Amino acid sequence: MFPCVIIVTMLLSSGADAGILDKGRDVVVQWYHRIVRVIPSWDRIVMYLFNAERHVFFTLYTRNGPSQTLVIGETNTVTNSNFNRNKKTKILVHGWLNAGDNFFSQLMKDAFLESHDYNVITVDWSWFSYSLYSYSRIAIHFVGPQVAKFVDFLVEEVDVNPDDVHILGHSLGAHIAGLAGDNMKCNVSRITGMDPAMPLIVGDSSYRLDSSDAKFVDVIHTSIYYLGVYKPTGHADFYPNGGGPLQPGCGVEIGVCTHRRSYRYYIESIQNEKAFQAVKCNSWGDFKSNNCSDELAYMGEGVSHEARGKFYLRTATKPPYGLGEIAQADNSSATDAAPTQ
Ligand SMILES: [Ca+2]
């Protein structure tokens, strides 16, 4: 029965966000969570078998030399490294079928260090992520607390200020960031979720990223009809191009390019914090009808921590994606033929 629930849920999760299908998706996932909960010591068994502590790695990147491995509890690995507690720290958490040394993590790391003198730390949980999605999804419950232990270690042993810590995650990595926020003793300044994964995730806040996980949580939704969550999950939720179904320029695809656009947009915002201005709105339909508030916010690195609610914007079809200041006077005319620049 368990595999059937997973398959049915994934099928439903890929469906449209509306009506009876929407309700059916929630019901199936709620039952999935109930089943997981009634299996005695399920998490302890998995933890015992796979031992997350030995399979989650933290690698430091700075402008001052080669990468260095940091180990929870081994303070000398930090004090003897190029880590500088007086600088801001960005912690990157990759998603399913990714690792700390490729795609999301490396592109983000390069973008940060090109523009800023930060401590950038990648979390590698590839021992769990290169697996069946259902298995990787369960593993986030063991990876998240490891990230929490790591942050607590930096705060308690290295005197890092939690206000200088920002955790960024893509897809399942966004939920790992949320679970880290749930489990750590301190409250970090910010968590950013880039298209947090949808399949098998719908449930209460302890199963996913939500606004209680950090002082400020911002979310970029790019594939709400495929792989990403569709409901607002942070203090500020951004829906470029309505959040989907496909992002402009991705062509006809199953959602992978669209899913990755979340961090492609973010990377561009590191280089230009005012590239993606968005307007607070109730829905994509209201945005297209120019029926929005006057409240504006920048999506990505330059977001105001005071931003609250749902924000909408358009992008170009290829880099540079950002269209800069939003054209509030005529959103509808910017449409699907956004300039390619
Ligand atoms: Ca949470």
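Located above this text is the structure these notes cover.
Let us look at the structure shown here.

Conventions we followed
Residues numbered from 1 in each chain as written. Predicted model: local features only at pLDDT ≥ 70, side-chain atom pairs only at ≥ 80, totals over all residues. Helix = DSSP H or I, 4+ residues; strand = E, 2+ residues; numbered from the N terminus. Buried ≥ 20, exposed ≤ 12 C-beta atoms within 10 Å, placed from the backbone. Contact = placed C-beta atoms within 7 Å. Pairing = 2+ DSSP bridges. Axes fitted to C-alpha atoms, helices over the stretch in contact; angles between N-to-C directions. Core = buried A, V, L, I, M, F, W, Y, C linked by C-beta atoms within 7 Å. Expected span 1.5 Å × (residues − 1). Bend = angle between axes of the 7 residues up to and from the residue. Right-handed = clockwise from strand over helix to strand, strands pointing away.

Along its length, the chain carries 11 helices and 11 strands. Expressed as a percentage of the 341 residues in the chain, the buried residues total 47%. Residue pairs at least 24 apart in sequence account for 66% of intrachain contacts in the chain once pairs closer than 6 positions are excluded.

On to the pairing of strand S7 (residues 216–220), then. Burial analysis of S7 places 5 of its 5 residues in the buried class, which makes it a mostly covered element. The alternating pattern of S7 places Phe216, Asp218 and Ile220 and Val217 and Val219 on opposite faces, both of which are buried. Taken together, the 5 bridges between strand S6 (residues 190–194) and S7 define a ladder with parallel strand orientation. Looking across to S7, one finds that Arg190 is bridged to Phe216. Judged from the 3 bridges that link them, S7 and strand S8 (residues 236–240) form a sheet pairing that is parallel. Among the inter-strand pairings, Val219 is bridged to a residue of S8, identified as Asp237.

With that settled, consider the sheet that holds strand S2 (residues 65–70). Taken in spatial order, the 11 strands line up as S2-S1-S4-S3-S5-S6-S7-S8-S11-S9-S10 in an open sheet, and their pairing is mixed. The sheet terminates laterally at S2 and strand S10 (296–298), the two strands that pair on one side only. The mean angle between the axes of side-by-side strands here comes to 25°, regardless of whether they run parallel or antiparallel. Bridging between strand S9 (residues 277–280) and S10 involves 3 bridges; their strand directions are antiparallel. What sits directly across from Gln277, in S10, is Tyr298. Sheet strands touched by helix H8 (residues 172–183): strand S3 (89–93), strand S5 (165–170) and S6. Its angle to S5, the strand with the most contacts, is close to 145°.

Once that is clear, we can look at the nonpolar core. Membership of the largest hydrophobic core comes to 86 residues, with the highest contact counts inside it found for Val143, Ala278 and Met299. Sorting elements by how many residues they give to this core places helix H7 (residues 133–157) first, with 10 residues. Apart from residues lying up to four places away in sequence, Val143 is in contact with Ala52, Val56, Trp125, Phe128 and Ile176.

A few words on helix H9 (residues 256–271). The end-to-end C-alpha distance of H9, which contains 16 residues, comes to 24 Å, matching closely the 22 Å that a straight helix rising 1.5 Å per residue would cover. Bending of H9 peaks at approximately 30° at the position of Ser262. The buried fraction of H9 amounts to 13 of the 16 residues, a majority that puts the element mostly inside the structure.

Moving on to the pairing of strand S4 (residues 119–124). Most of S4 sits out of view: 6 of its 6 residues are buried. What you see with S4 is no split at all: Asn119, Ile121 and Val123 on one side and Val120, Thr122 and Asp124 on the other are buried throughout. With 5 bridges joining them, strand S1 (residues 57–62) and S4 adopt antiparallel strand pairing. Looking at the pairing, Phe58 lines up with Val123 of S4. The parallel pair S3 and S4, bridged by helix H5 (residues 103–115), forms a crossover whose chirality is right-handed.

Let's shift gears to the environment of Ser212. As for its placement among the helices and strands, Ser212 is situated in the loop between S6 and S7. With 13 C-beta atoms packed within 10 Å, Ser212 lands in the partly exposed category. Linking Ser212 and Asp182, residues 30 residues apart in sequence, is a C-alpha distance of 7.6 Å.

Now for the environment of Ala297. Take Ala297: it is sitting in strand S10. Overall, the presence of 22 C-beta atoms within 10 Å leaves Ala297 in the buried class. Along the sequence, Ala297 and Ala307 sit 10 residues apart, while their C-alpha atoms lie 6.6 Å from each other. Contact partners of Ala297, with chain neighbours within four places excluded, come to Ala236, Ala278, Val303, Ser304, Ala307 and Phe311.

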